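For reference, the chains in residue letters:
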Amino acid sequence: MPFSARLSNCLKLLIMLTALSLGACMSSDPMTRADSPQARQAEQLASEGDLDAAARQFLALAEGSSGSASAHYRLRAAEVLRENGDLDGAARAISEIRRNRLDADESFRLDLIDAEVSLKRGDAERASMLLATNEDSIPERLRLRYSELRARTANARGDRFAAARIRATLDAELDGHDRDINREQITELLGTLDDATLKGRAYSLRPDDALLPWIEQALKLRGQMLPRDVPRPQRPVGTLIPNADNDLRREGFHAPRQVALILPLNGPVAGVSQSILDGFFAAYFSDDSRERPQLRTYDAGKSPEDALAAYAQAVADGADFIVGPLLREAVGTLFRQPLPVHVLTLNHPDTGEVPPPGSAEFGLLPDAEGAQAAERMLGLGITRAALIGAQTDWAERAGRAFRAQFEARGGAIVGESRLPESAFNYKSEILQAASAIADTSAGEGSARIAPADAGIFISMRPQQARLLVPQLKLAGINAPVFATSHVNAGELNAALDRDLNGVEFCDATWLFSPVPARPDHNAIARELASANGVGGRLFAFGMDAYALLPYMDWLLAHPETYLDGASGQLAVDSFGRIHRVLTWARFVDGIAQPVQGALDPLPIE
């Protein structure tokens, strides 16, 4: 047999055995009529793992009994045989059971075994019929096993999407090996569906559907994205309200007692960590509350294992809330562990996991900036866009998010190109992306004007943007340009940035305007190098990580609320993912200035 075929068969066998193991883990406590020493002995044998002996004892009890007692013992024999992986034996045991001799609970358990036997025999329709029941009446101890059987049945009937959706709901109830296998099944099921099907089904789901993050991840692996559907809260946290004693308190405020901050303090991202750490401590020392928590900092090291060890040490030291880790791989690894203490991670995992209940993930995502740029342009009446980006991972992510958002809202991408890192002449890239939106004239001799419905989205560092924007104008393309925050060097350099005049970009509010309860940017940037340049938005990010702590529980439970942060307005979706709504600024005479109205406290969109 070819190796690939042997491997496929091994995987199928593993999945089958795991399903049996999963069902065994989902089984209830012993459910028997322990009305005789023999029955108690059979249950004892089963609990000790001697399943063959337990099954024989139950069958002997069934032979020596009659009526409902005989039916009950045959059912228990079938359950033990199934747990032992002997579905054929379980099928023989239930074949002699008369349903009318079972109570309602036993009848349901009989249907579960019968459905599993039917699946083994390839009769998915019968399994589906046996599992058609009022889910409200299912005993809690049997819900996981019932759901797992429904997922297997849907898959056997060819409904891969339904099977994945059931497993996504099941995922939150599992842990350890069972959860890992369940997640592999979700990924495999979604992998059988094409892009159009995945997107169409995703659009039909509620924003809080458990399957949605899995579809997003499946599409990301194929270089595709869904448009972002972020919360739209209307009410800020921290509103002063009177308590029972008529003293004013901040709504939603509950400060943790001891906070651990886990960041890589050495290595290639130590500079990033320093800006975040300085911002976190700046917010801490600016907090005049009497309820400031104790802070301890831990080195997250260079690997996910190091970060897990730091988390474990923080828990052992008494932390009741943990901020970090920073690296995406470490965040994903952490989310796959049981977490006795809630976390606010400072990045989003690459592998698509969502935070466990009570925890949240927070990051400076280029995807979010690309989507917000699309919304900004559409809001200004721009329905045709050229897309030009750097050849980097973050620029690619921003570009995909822009395209997904722009096209989903009715816009059209007229062209797209990437700028080579070492090039200086972008003529061919400009023609490839933007020739369709070049300036037009009303007739011979008349002035050329930019199309009113066209714009350009760019995602690149300022060095490339300063070369690109003048070349766009030389090519007769004067459509407005919109960018991610990466275009902003974060330092005042009007001589260089005059080449960016007119470019609009989204960035952290704190870089352009005072934010309540945060230190002034210009004042602190004069004192701390970590608050200058691109470090400024990381500094703001660190301040927001601290500001979120006392409101995390409230924000998770009240999606209609938001926090005015230094890095933007912050709201949490139903999966524990924090979304930022950024400020819009424009280069004028080489200086970045907030766009009129961009700092108004508008509802999150």
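Bear in mind the structure is a predicted one, so any value in this text is a computation, not a measurement. (Residues numbered from 1 in each chain as written. Predicted model: local features only at pLDDT ≥ 70, side-chain atom pairs only at ≥ 80, totals over all residues. Heavy atoms only, no water.)

Some thoughts on the packing of aromatic side chains
Right, so step 1: Scanning the model with the defined rule gives 16 aromatic pairs in all.
Right, so step 2: Judged by centre distance (5.2 Å) and plane angle (80°), the ring pair of Tyr284 and Phe285 falls under edge-to-face.
Right, so step 3: A relative accessible area of 59% places Phe285 in the exposed class.
Right, so step 4: Between Phe362 and Phe541, the aromatic rings sit 4.6 Å apart at their centres with planes inclined by 45°, giving tilted as the arrangement. Highlighted residues: Phe362 in the loop between β8 (360-361) and α16 (366-379) and Phe541 in helix α22 (residues 535-548), separated in sequence by 179 residues.
Right, so step 5: Of the residues examined, Phe362 reaches a relative accessible area of 0% and is grouped as buried. (Phe/Tyr/Trp six-rings, centres within 6.5 Å; stacked < 30°, edge-to-face > 60°. Buried < 20%, exposed > 50% of the residue type's maximum accessible area, 1.4 Å probe, protein only. Helix = DSSP H or I, 4+ residues; strand = E, 2+ residues; numbered from the N terminus.)

Notes on the pairing of strand β10 (residues 412-419)
Right, so step 1: In this structure, strand β9 (residues 384-390) lies alongside β10, joined through seven bridges in parallel fashion. Across the sheet, the residue bridging to Ala390 is Leu419, located in β10.
Right, so step 2: For the crossover that starts at β9, traverses helix α17 (residues 393-408) and ends in the parallel β10, the hand is right-handed. (Pairing = 2+ DSSP bridges. Right-handed = clockwise from strand over helix to strand, strands pointing away.)

Some details on the pattern of salt bridges
Right, so step 1: As enumerated under the stated definition, the model contains 43 salt bridges in all.
Right, so step 2: Residue Arg183 is joined to Asp171 by a salt bridge in which the shortest nitrogen-to-oxygen separation is 3.0 Å. Within this pair, whereas Arg183 is found in helix α10 (residues 176-191), its partner Asp171 is found in helix α9 (residues 160-171), the two being separated by twelve residues in sequence. Neither residue differs from the other here; Arg183 and Asp171 are each classed as buried.
Right, so step 3: Residue Arg518 pairs with Asp544 through a salt bridge whose shortest N-O separation is 3.5 Å. Here Arg518, found in the loop between β15 (504-507) and α21 (521-527), pairs with Asp544, found in helix α22; they are 26 residues apart in sequence, far enough to count as distant.
Right, so step 4: Look at Arg518 and you get buried, because its relative accessible area is 13%.
Right, so step 5: The exposure class of Asp544 is buried, given its relative accessible area of 0%. (Salt bridge = Lys/Arg side-chain N within 4 Å of Asp/Glu carboxyl O.)

Focus on the confidence of the model for the protein
Right, so step 1: Of the residues in the protein, 91% have a pLDDT of 70 or more, and the chain-wide mean is 90.
Right, so step 2: Low pLDDT, under 50, characterises residues 24-30; the stretch is placed with 13 contacts to residues that sit more than four places away or in other chains.
Right, so step 3: Here residues 599-605 is modelled with pLDDT under 50, and outside its nearest four sequence neighbours on either side it reaches 22 contacts, counting other chains as well. (pLDDT = per-residue confidence, 0-100. Contact = heavy atoms within 4.5 Å.)

Section: the sheet that holds strand β6 (residues 321-323)
Right, so step 1: Taken together, five strands build an open sheet; the order of strands is β5-β4-β6-β7-β8 and the sheet is parallel. The open sheet has two edge strands with one neighbour each: β5 (294-299) and β8.
Right, so step 2: Strand direction decides the pairing type here: strand β7 (residues 343-345) and β8, joined by two bridges, are parallel. Residue pairing across strands places Leu344 opposite Ala360, the latter belonging to β8.

Some details on the sheet that holds strand β13 (residues 454-459)
Right, so step 1: The strand order across the open sheet built from seven strands is β10-β9-β13-β14-β15-β19-β20, with neighbouring strands paired in mixed fashion. The open sheet has two free edges, formed respectively by β10 and β20 (591-594), since each of these has just one partner strand. On average, each strand axis in the sheet is tilted by 25° relative to the strand beside it, whichever way the strands run.
Right, so step 2: Note: strand β14 (residues 481-483) against β15, two bridges, orientation parallel. Its bridge partner lying in β15, Ala483 is registered against Phe505. (Axes fitted to C-alpha atoms, helices over the stretch in contact; angles between N-to-C directions.)

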